[in-house]
Number of protein chains: 2
Amino acid sequence: MNDQSPAHDRQPPSPARERVRARYRDEDFAERLASIPWNGALDTMLLHRSVRTYLDKPLAPGILETIIAAAQSAATTSNLQAWSVVAVQDKARKARLAGYAANQKHIHDAPLLLLFVADLARLRAISRDQGHPGLGLGYIEAFIFGVADASFAAQNTITAAESLGLGGCYIGAMRNNPQAVADEIGLPDETMVVFGMTIGYPDPATATDVKPRLPQDVVLHHERYVAPDPARIAAYDARMHDFRVEQEMRLIDWTEQTARRVSDEAALTGRHVLKDFLQQRGLILR
Amino acid sequence: MNDQSPAHDRQPPSPARERVRARYRDEDFAERLASIPWNGALDTMLLHRSVRTYLDKPLAPGILETIIAAAQSAATTSNLQAWSVVAVQDKARKARLAGYAANQKHIHDAPLLLLFVADLARLRAISRDQGHPGLGLGYIEAFIFGVADASFAAQNTITAAESLGLGGCYIGAMRNNPQAVADEIGLPDETMVVFGMTIGYPDPATATDVKPRLPQDVVLHHERYVAPDPARIAAYDARMHDFRVEQEMRLIDWTEQTARRVSDEAALTGRHVLKDFLQQRGLILR
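Residues numbered from 1 in each chain as written. Chains lettered and ligands numbered in written order. Predicted model: local features only at pLDDT ≥ 70, side-chain atom pairs only at ≥ 80, totals over all residues. Heavy atoms only, no water.

Focus on unusual backbone geometry
Residues and elements named next belong to chain B. Positive phi outside glycine occurs at Ala102, with the angle close to 60°. Along the polypeptide, Ala102 turns up in the loop between helix H6 (91-100) and helix H7 (105-109). Unlike most non-glycine residues, Thr269 shows phi in positive territory, near 45°. Checked against the element boundaries, Thr269 lands in the loop between helix H13 (254-261) and helix H14 (274-280). (Helix = DSSP H or I, 4+ residues; strand = E, 2+ residues; numbered from the N terminus.)

Some thoughts on the pattern of salt bridges
This model, assessed by the stated rule, comprises 32 salt bridges over all chains. In this structure, B:Arg32 engages A:Glu65 in a salt bridge whose closest nitrogen and oxygen atoms are separated by 3.3 Å. Of this pair, B:Arg32 sits in helix H3 (residues 27-32) while A:Glu65 is found in helix H5 (residues 63-73), placing the two residues in two different chains. In this structure B:Arg32 comes out as exposed when scored by relative accessible area, which is 55%. The salt bridge involving B:Arg239 is made with B:Asp26; its shortest N-O contact spans 3.7 Å. Taken together, the residues span a long stretch of sequence, with B:Arg239 in helix H12 (residues 230-246) and B:Asp26 in the loop between helix H2 (15-24) and H3 at a distance of 213 residues. The exposure class of B:Arg239 is buried, given its relative accessible area of 13%. The buried category is assigned to B:Asp26, whose relative accessible area is 16%. Sharing partners across several salt bridges, the network here consists of A:Arg93, A:Arg96, A:Glu184 and B:Glu223. (Salt bridge = Lys/Arg side-chain N within 4 Å of Asp/Glu carboxyl O. Buried < 20%, exposed > 50% of the residue type's maximum accessible area, 1.4 Å probe, protein only.)

Looking at the side chain of B:Glu184
Within the secondary structure, B:Glu184 sits in helix H10 (residues 178-184). A relative accessible area of 10% means that B:Glu184 is categorised as buried. For B:Glu184, the side chain forms a polar contact with the side chain of B:Arg96, separated by 2.8 Å. When near neighbours in sequence (up to four residues on either side) are disregarded, B:Glu184 contacts A:Arg224, B:Arg93, B:Arg96, B:Leu97 and B:Tyr100. (Polar contact = N/O pair within 3.5 Å; in protein donor to acceptor, adjacent residues only side chain to side chain. Contact = heavy atoms within 4.5 Å.)

Some words on the interface of chain A and chain B
With 123 residues of chain A at the contact, the number on the chain B side is 123 residues. Summed over both sides, the interface between chain A and chain B buries roughly 10,400 Å², with carbon and sulfur atoms accounting for 61% of that surface. Contact with chain B buries surface across chain A, with A:Gln72, A:Glu223 and A:Tyr225 losing the most and accounting together for 8% of the total. A salt bridge links A:Glu141 to B:Arg271, with the shortest nitrogen-to-oxygen separation between them at 2.8 Å. Inspection of the chain A/chain B interface yields 78 residue pairs in polar contact (both at pLDDT 80 or more). (Buried area = accessible area lost by both parts, 1.4 Å probe.)

Quick word on the sheet that holds strand E4 (residues 191-200) of chain A
Neighbouring strands of a sheet are bound in pairs by backbone hydrogen bonds; such pairs are parallel or else antiparallel. Pairing within the open sheet is mixed, and its five strands lie in the order E3(A)-E4(A)-E2(A)-E1(A)-E5(B). On the outer flanks of this sheet lie strand E3 (167-171) of chain A together with strand E5 (220-222) of chain B, each paired with one strand and no other. Averaged over all neighbouring strand pairs, the angle between strand axes comes to 25°, with direction disregarded. Across eight bridges, the pairing between strand E2 (residues 112-119) of chain A and E4(A) is antiparallel. Counterpart to A:Ala118 in the pairing with E4(A) is A:Met192. Taken strand by strand, helix H8 (residues 121-130) of chain A contacts strand E1 (83-88), E2 and E4 of chain A, and its axis lies near 45° from that of E2(A). (Pairing = 2+ DSSP bridges. Axes fitted to C-alpha atoms, helices over the stretch in contact; angles between N-to-C directions.)

Considerations on the nonpolar core
In terms of nonpolar packing, the biggest core is built from 146 residues, with A:Leu114 and B:Leu114 touching the most fellow members. Those residues in contact with B:Leu114 that sit more than four places away from it in its chain are B:Leu64, B:Ile67, B:Ile68, B:Val85, B:Val86, B:Ala87, B:Thr157, B:Phe195, B:Gly196, B:Met197 and B:Ile199. (Core = buried A, V, L, I, M, F, W, Y, C linked by side-chain atoms within 4.5 Å.)

Spelled out as structure tokens, the structure:
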């Protein structure tokens, strides 16, 4: 290295500092964590970014089973394991599902689409076999742990995939047309696709950068919850602005984009009917 | 190694095989994945187990900030970041919160209790500042992405903690008395503690083993959802029976325990009122 800058003279190399700096774009915060002993798991998680451009290459044998083994190793509420995952690799089915989810191009292109299901139907079957009434399954409590269990599993899935050189992207738009999605994969009552996830080998020609997140002090509270400091939110707007310039994205403040995203019924892209949909399927009745 | 058993002669050592075998207790399935290239992230996730016995030792400086940096690196719906985390280290506050959560001993003992919050209040504040009505926040769609975002973040948190030699345990019982928990940490409307998590250095005197999960073919579906095969559920009952014998736990079939856990209102340990609670806080109105 021929880099003679004073900053490099002062600072020994630290993967912790580098990864934290990329995630927050805050030099002082990165410096505070510079001496944390680093490891492969932290590196994989801090380097996460959504991948939407894939090579036309099927997954190697055993990869799907390995990432789902990581998913099943995640915590689950009282070991109820109230989730399932449907792996879709058939091109025609993937195309139909893309049609229900804003026709996102990466759903067509990815070799694998995973649909994460909050699954109370399996607990219903077990309750029936055991001669128990399963009344708890109709409460919003059960829906919460189904969504949480599916989410824990999904997060381990994407971390596992990224650790193996794959990339992925969550597809919240699978909630845009929940009935059509459920019909396509034959879901029974008391289940719901919470989100999808595309998985594949990232196209190196379309590298994306790590997206900055809110300053940690906005998200992490000590002892009691504190309302967000507008100055810290403004600092994030500025960091996201820089990111958007670098990535040649449309320029809009994060706060403005965020406020629009939850503004009204139309902004929910079809998801304003989810309550009726869930109740028709026997969920969140009480 | 003096182990001359034929099984060891036939099989070269494989961390993948060993970890998958521990998670599923299925020799054939473990063999199928034996040649997967292994890494530290997979190893951390496959080795996950809940830790409920901690050394009386505070967290090293920077550890909390590092595991929350991993949490913030998780995916979040449309980058809305609809979650917060409250770190409780004050012993008296931890004791009061334990009192609301079945008085679990490890909440008292752990140096750190994290409370993961589905946080739509921050999005409310941003909407107000931007002059947008924020009507979307009252829909169950917004509650779903709040719960999912909090869960993605929490799963990265526990993986990060475990990669650094810490252990943790999710506390679903934080939903037993949601109003008391919210009051204790000053939560505003449009927020909810989805679950807690204790974090600390595991007491090596109380080692626990990896808990087996359902056979993968019960959870992973291909192309379309398939109802569970009773024979495969029975196979899991048998594996969980062996695990319970080894761990000197009370002997009850997993299916029986599971059916009881969702049997009726009483089995929900206070959580049958969550729907009213959420609506009073301005959540899941529509």
